[in-house]
Structure formats: C-alpha cells, structure tokens
Amino acid sequence: MPQSQNNVANTIRILVATDNHVGYEERDHIRGDDSWKTFDEIMNLAKVEDVDMVLLGGDLFHDNKPSRKAMFQVMRSLRKNCLGMRPCQLEFLSDASDVLQARAFGHVNYEDPDINVSIPVFSIHGNHDDPSGEGNFCSLDLLQVAGLVNYFGRVPQTDHIEVKPVLLQKGATKLALYGISNVRDERMFRNFRDHNVKWFRPNQQSDDWFNLLTVHQNHHAHTATGYLPENMLPEWLQLVIWGHEHECLIEPTYNPETGFHVMQPGSSVATSLVPGEAEPKHVAIVSITGKEFNVEKRRLKSVRPFMTTEIVLAGDRRFKGLEKKKENRQELTQKLMAVVDEMIEQANAEWASIQPDSDLASGPPLPLIRLKVEYTAPEGGHYDIENPQRFSNRFQTKVANTNDVVYFYRKKTVQRRAKDDAELPEELLATLEGIDEIKVNKLVEEFLTAQAQSLKILPQAPFGDAVNLFVDKDDKHAMESFVTESLSQQVKQMLSLEANDEDIATTMERIKEQLEQQFAAGHIKQAKRITYKPKPDDWDSDLDGHWEDNPDAIDDTVVATKARSQATQPKGRGRKAPQVIEDEDMEDVEEEPPAPKARGRGRAAAAKPKAAPPKAPAKKAPARGRGRKAPIFEQDDEDEDEDGDVVMDDDDYDPPAPPPKRATTTRAATTRAATTRAAPSRSQTSRATSAAAAAASNAASKTRQTRLNFSSQKATQDQPLEISDDEISDDFESVPQTRSRRR
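Rules used throughout
Residues numbered from 1 in each chain as written. Predicted model: local features only at pLDDT ≥ 70, side-chain atom pairs only at ≥ 80, totals over all residues. Heavy atoms only, no water. Helix = DSSP H or I, 4+ residues; strand = E, 2+ residues; numbered from the N terminus. Buried < 20%, exposed > 50% of the residue type's maximum accessible area, 1.4 Å probe, protein only. Contact = heavy atoms within 4.5 Å. Areas by Shrake-Rupley, 256 points an atom, 1.4 Å probe, with all protein chains shown as cover. Pairing = 2+ DSSP bridges. Axes fitted to C-alpha atoms, helices over the stretch in contact; angles between N-to-C directions. Parallel < 35°, antiparallel > 145°, perpendicular 65-115°, else oblique. Left-handed = near helix turned anticlockwise from the far one by under 90°. Salt bridge = Lys/Arg side-chain N within 4 Å of Asp/Glu carboxyl O. Phe/Tyr/Trp six-rings, centres within 6.5 Å; stacked < 30°, edge-to-face > 60°. Lys NZ or Arg CZ within 6 Å of the ring centre and 35° of its normal. 1 Å grid on protein atoms, 1.4 Å probe; cavity = no way out; pocket = protein on both sides within 12 Å on 5 of 7 lines; lining within 4 Å. Points joined across faces, edges and corners; volume = space filled by probe spheres on them. pLDDT = per-residue confidence, 0-100. Expected span 1.5 Å × (residues − 1). Arc of directions from axis to C-beta. Polar contact = N/O pair within 3.5 Å; in protein donor to acceptor, adjacent residues only side chain to side chain.

(A) Summary view of the overall build of the chain. For the chain, the count of helices and strands is 18 helices and 20 strands. Every one of the 743 residues in the chain was classed for burial, and the buried ones make up 41%. Put simply, of all contacts in the chain between residues at least 6 apart along the chain, 73% involve residues at least 24 apart. Working note: accessible area of the chain is about 42,100 Å², and carbon and sulfur atoms make up 49% of it.

Structure, rendered in structure tokens:
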C-alpha cells in the first residue's frame, strides 16, 4: 500500500539495514574508515526521513570484541542521530524484562525518563558480534545498558528456542516484531526439523497483527543442512528480513509456498571481492499500515565504488591470436592493464552519477577493482601470465586493493571413466590385495637386485631397515643415524689395519660383509626411535619450524649411551668384545682381539689387572691424566722389571696381593661397581679392604708400587691384554666408565 505522506497516524515507518560490519579493515590506511562512515550515513538517513524506528538484522560490528575506535564511532552516530526532543510515537505493549531480557533496566530505552530517545533502534546479533565469555555478554549489551539500542531476539538455549514478539502499536497499526539471533546453521536446521522452536503469538486479536521476522542465517543451501529453508518458517508471517547474506536484494520477493515476502538488504560495506558485493548498496524504509506494507529503497552514497568483471582470454577478441606467440607476457600484461584502466574509469563515473554536486569537488575515492582472468589456452598455444601481486602493484595510486586486483585461474577439466573400465581384472585385484604386505626394506632389496647394483660402502640389510624406519615409523633422522654409525664403525676398522695388510677396497668389502652377517644374526639393530630434548618454551613452530627437524633437538647423550652399550656389551658369556678406550682428549682407539687362549683358574686370576684408583699424585706419572685408564701391555720375562709393570700411585693407598681364588661377576655387577665408584662411602670401604689385604702381604708393605707380572701370557706390546667377563674377581674394583665417556 503506497504511502504519500510521512508520519501518518496509522503508519509505522521502519528503516531496515543489516550487516554493517563496523570495524572492517579499520587498520587499512585506505579503507579503514569505510564501515563507520556508511553506518553514520544510515543513521543520518533515519533522522532525515523521520522514521519511527530502526531495525538492524545482525553483524553491527565486524569483530566479536570491537575495538575502541569502532565502539566510539557507533556510539557517536547513535547519540547524534537517535537522541532528541521529538517524542517517539510507538507504544510498547510487551514486558521488556521478558522479550528484551534487559539485565540492568526493565524497560525499553525510549521509555526511560532519564533519556530522550526520538528514534529507537532494535537489533539482533549476528555471527560476528555474538555473545561469548563469562556472563555471555556481547557488544549489543553495552549499547543497551548505555540506552542507545534495544537488544532482542536472544537465544539462551540453542537446542530449545523460544521466539517471543516485541509488540508495538501506532494508531490502528499493530506490529509483532520477532527476532532470532544467529545460531550455527546446522543446529538451527535441526531445531526446526525436530520442532524445537516454539513461537509465541498475541493471545488477543492475533489476526490483526502485522508479523515481521528478522533472522541472521544462511539463505542459500551451501550444504544439505547448512542453511534455514524458507518453508520451515510459519506461514502466518507477512515479512521476513533476512540478514547474513551480503548481496543486496532489496526488493521483497514473494514465496507462494509460505505466503510471505522475503527482503534481503545485504551488507553496507564490501567485505569480499565477489560479484554479489559489487551490487549497489541500499537500505529500505518499510512503511506498515494495518496488514499492508510498502518498501522504499535508498541508495547509499558513501560506499566505496566496486567494479568486478571476468574475461576468458581464449574467447575475448582483444586477446585473439596472442596464444600463438612464443613471448607474449609483455603484450598480455599491457592488454590486461588496459582492461583494468577501463574498469577504474567506469567505477569513478558510476560514483559521480549518484553524488550531489557539493561532494564532487573532493573527487572520487579509490575504487575496488577485481578482474578474474581464465587463461586456459587452446591446444598448441600458451599464455605467459605475470605474477598476480606484481600486476596488482602497478595500480598503487589508482585502486584501494593494491594486492589482489587480478585473479588468474585455469578451467578445470573433468575426466570421466569409461564404463568398460568399471570392472578391474582379477589379476590386478590380487596384486592390489598384496600391496599392504610389502615392506619398504624388501622393496630396497628387490631394487638393488633387479638393477644389478650394490652398495659399495654401506651394508645393504641395515640400509633397508633404516629406510623402513624413515617411511613407516616417520623417523626423520633414521638415515642420518644409520650412515653416521656405519661410517664410524668402518673408519675404526680401517684405522686398525697395518701397512702391509690387504688393499682398501678388499678391506671395505670384508667389513661390509661382516656388518651384513652381524645384522642378520641380530647383533646390529637400528634404533627404533631417536630421543629428543624437551622443546624450549620460547620455540616458535610457525617461525622456526618443527622442533624435531632441528639437528640440536636430538639428545646426543641418550643416543651415545645406547650405541655404546650395544657396541661394547656382548650378549652371553664368552670372549669380551674389543675394548674401546675413550677419554676427553683422545680419539676412540679400538683394540684388536687377542689370539685364542686356554683358560685356567690361576691364569685368569693373574691376568686380572688392578683398576686405577680415582686419585693419583701430581708428582708421579705426569703423562697420565686424572681418572684416565692406562692401556695394559704384556712384556717378556727379561723386560718385566722395567716396562712390563703397571704402576699406580696413591699417597694413601697400598695395593693388595692377588686373591687366592677366582670369583666370577656378571656384567650387571661390573656396571654397578663402575657407576658407584665415585661415591665417598664406596671409596672409603674399598680403601679399608685394600689396607687389610696389604697388611697380609710382606712385599706390598715395603713399597707403594705394585709390579704385576704378565709374562705368562706371552704377549707383545702390539697386542693388548684381553680380559674375559668370567675372569673378573670380586676382590678388584672395575675401572669407572663414567670418566671415559666423550663430553
């Protein structure tokens, strides 16, 4: 029903707007003030048009926690345009504490005796300014407690929604204003489907009310349940104001299935560079008289001009034949720049056409330009396009979006499978079933065998095991650890060779075969998992990368301990593995295994050397460092008095005589003795025992030096003494291993 006069006694005039997004891109030096300037234009339009009320459909702010600048601009605009001495002619018939759920005041703002509100504002919240946190407050609560906005349409329980109307009356026109604030679309769909939405209607003369609903949900079916269908809404509604969708469809559309009209005002500021945002921005003035309504749209003039277009290079006459040229980047870029210049001129001309003469002197603002280019070339041709950001930066002083002016894309090709290929051969299916059973190490072995290739230095079997850990266990350092350990072992073996031994190639092949055999026997196993150090608190994974990828993240102490325990501790009883002497100032020197010899009880006891005590005087043996284990050599009978002795000096220590019998110890006992060597109580006990043993020996009481004769072993200086685990006596302490580790 058309209205020819304003403020008719029986007509309620409502200015409708949605999705203002105040605060969008507020830090941008070009577009920072766009959102609040347009909102101020809307509020000023309500004052100029002298409407009875303003209805906002959600997303007043762009952020859930708006900045102080955004809040300041909104409050300034509301106070400047909505407060005044003109009385509001709307009669409020509902219980404000029930429908508005006012937490501080139990009345609508224009009935507050301390505030003069001439144009009340009613608003629901959207998905951008929804309540959260302790107390479930939102930005609209702040505006309501300040007396500037009436916040309605709350949803305290998202799985049980109650919709109660705000009842307003002006003259003979009665308005039932319903509002449903934003709820997640899938949940909202389920509530309507399961009939968990309860509607309240006036109990008196319900047919005389004009029913208006405001919602903020997806209008189109983005997914099967990710929207709110119109046919789920009640049929007794007359008009639905739909928020959340930014495309401006200001003209009401009639739904014949439900019998009501739907109006989608769209956003007042462009938040994305899509064709829907490029439509002219409008707000509407809805005039309601009785059960009839009329819509007057108003074009927003402060909106930044926005122009978008899409071209296909293969079908555009301006680019015809360009794909056949070998070097076409420069010419293609120039033609695309000409297209952008035309779009800029068109956007500025459109802006000037809607501006009053007084605003033309300031000149048009920088427009938003979006050019989509589909550059799929015909067969035999190509398009050499420029980098999109570099292309966009050519228009630094001409456009507002200087980084995304152009968008290049190719046409997607869909390959359809033939019907004949629907069934796979049985042989192929049998092969696919066996794929899960194939291991990576088997694939490595088959590849090296099929290609008639072999590894020259690294052993093949441990190599396959390392690859398997890298792929299946996601051990990123498995290959690095395998190569390091394999090369270190081979270097030690090579250093132990004499000058007249076999050539290097033969020796490397022999060493590799030995490693292969040890791996097959289970003596060599790749570490299942590398131990990492705890990640520091100041480590930033986004800037520094994953902590596991950092080489310093590997715990070398744990890895070295595991590797040494595997290399130096043989399983079971028998010959001891080659002894490795380590020190802080010495490289690893591996001793060669001695020749096989018969064991005897007396020989074993005589062959056991006395371990060096932890303390040595500085005046004796200056070449031997504190805590360093001296290598033990055997001498002939004629040289035993000069060089064959093992001299251990201690001012307070008298070495004991050899024990009368042998007692075997296990490796666990030896390890415990080595780890507890440094303890004071252990040292005192050992010295007490040694002093008692020294008192029983006449030879040891006359001197502080003990001469042990190893002539019965018939060994040379080039061949070190080998001591079996079974020949370690309980009366002797083991050399502490904690001092010999590399630091």
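There's more to say after this.
(B) Up close: the pairing of strand E14 (residues 282-289). For E14, the buried fraction is high: eight of the eight residues fall into the buried class. Neither face of E14 is open: one carries His 282, Ala 284, Val 286 and Ile 288, the other Val 283, Ile 285, Ser 287 and Thr 289, and all of them are buried. Sheet analysis places strand E1 (residues 11-17) next to E14, joined by six bridges and oriented antiparallel. Bridging from a neighbouring strand, Val 16 pairs with Ala 284 of E14. For E14 and strand E15 (residues 292-299), the ladder comprises eight bridges, and the chain directions are antiparallel. Across the sheet, Ile 285 pairs through a bridge with Glu 296, a residue of E15.

(C) A look at the packing of helix H11 (residues 478-495) against helix H12 (residues 504-521). Running from N to C, H11 and H12 cross one another at 130°; their axes reach a closest spacing of 10 Å. Relative to H12, the element H11 lies oblique. Crossing handedness for the pair H11 and H12: right-handed. Here Gln 489, Gln 490, Gln 493 and Met 494 of H11 lie close against H12, whose contacting residues are Ile 504, Thr 507, Met 508, Ile 511 and Leu 515.

(D) Molecular detail of the pairing of strand E18 (residues 406-409). Burial of E18 is one-sided: the residues Val 406 and Phe 408 facing one way are buried, the residues Tyr 407 and Tyr 409 facing the other way are not. Pairing analysis gives four bridges linking strand E17 (residues 368-374) to E18, with the strands arranged parallel. When the bridges of E18 are listed, Leu 371 appears paired with Val 406.

(E) Here's a closer look at the pattern of salt bridges. The full count for this structure, using the stated rule, is 22 salt bridges. Its salt-bridge partner being Arg 298, residue Glu 49 comes within 3.1 Å of it at the nearest N-O pair. Note that Glu 49 is positioned in helix H1 (residues 34-49) and Arg 298 in strand E15, a separation of 249 residues in sequence. With its nearest N and O atoms 2.8 Å apart, the salt bridge here joins Lys 281 to Glu 277.

(F) View of the packing of aromatic side chains. In this structure the tally under the stated criterion is nine aromatic pairs. A network of ring pairs unites the aromatic residues Tyr 178, Trp 199 and Trp 236 as a single cluster. Here Lys 164 stacks its cationic end above the ring of Phe 200, 5.2 Å away from the centre of that ring. A cation over a ring is seen here: Lys 372 above Tyr 409, with NZ or CZ 5.4 Å from the ring centre.

(G) Main features of empty space enclosed by the protein. Applying the stated rule across the entire model yields five cavities of 30 Å³ or more. A volume near 120 Å³ is recorded for the largest cavity. Contributing to the lining of the largest cavity are 13 residues, with Asp 34, Val 269, Ala 270, Arg 304 and Leu 368 lying nearest its centre. Counting residues per element, the lining of the largest cavity draws most heavily on H1, at three residues.

(H) The arrangement of the sheet that holds strand E5 (residues 150-151) in detail. Strand order in this open sheet of six strands is E5-E4-E2-E1-E14-E15, and the pairing throughout is mixed. Strand pairing shows two members of the sheet lacking a second neighbour, E5 and E15, which therefore form its edges. Note: strand E2 (residues 53-56) against strand E4 (residues 121-123), three bridges, orientation parallel. Counterpart to Leu 55 in the pairing with E4 is Phe 122. Against the sheet, H1 engages E1, E2, E14 and E15, with an angle of about 170° to E1.

(I) Region of the structure containing the sheet that holds E18. Spatial strand order, E16-E17-E18: three strands in an open sheet with parallel pairing. Edge positions in the open sheet fall to strand E16 (306-312) and E18, since each of these has one partner strand only. When strand polarity is set aside, the average angle formed by the axes of neighbouring strands in this sheet is 15°. Bridge count between E16 and E17: seven bridges; the pairing is parallel.

(J) A look at the confidence of the model for the chain. The predicted model of the chain averages 76 in pLDDT, with 64% of residues at 70 or higher. Within the model, the stretch residues 569-593 combines pLDDT values under 50 with 57 contacts to residues more than four positions away or in other chains. Low confidence marks residues 597-653, where pLDDT is under 50. Its contacts with residues over four positions away, or in another chain, come to 110 contacts.

(K) Layout of H12. Spanning 18 residues, H12 covers 26 Å between terminal C-alpha atoms, matching the ideal 26 Å at 1.5 Å per step. Here H12 has its buried residues at Thr 507, Ile 511, Lys 512, Leu 515 and Phe 519. Projected down its long axis, H12 shows its buried positions confined to an angular sector of 135°, all on one face. More than 90 degrees from the buried face of H12, the exposed residues found are Gln 517, Ala 520 and Ala 521.

(L) Expanded view of the side chain of Asp 34. Of note, Asp 34 is situated in helix H1. A distance of 2.7 Å separates the side chain of Asp 34 from the side chain of Arg 304, its partner in a polar contact. Residues within four places of Asp 34 in sequence aside, it is in contact with Val 269 and Arg 304.

(M) Spatial organisation of unusual backbone geometry. Phi is positive for Glu 25, which is not a glycine, with a value near 55°. Position of Glu 25 among the secondary structure elements: in the loop between E1 and H1.

(N) Just the packing of H1 against helix H2 (residues 68-82), in detail. Where H1 contacts H2, the axes come no closer than 9 Å and their chain directions differ by 15°. Compared by their axis directions, H1 and H2 come out roughly parallel. Between H1 and H2 lies a crossing whose hand is right-handed. From H1, Trp 36, Phe 39, Asp 40, Met 43, Asn 44 and Lys 47 reach across to H2, where they touch Lys 69, Gln 73, Val 74, Arg 76, Ser 77, Leu 78, Lys 80, Asn 81 and Cys 82.

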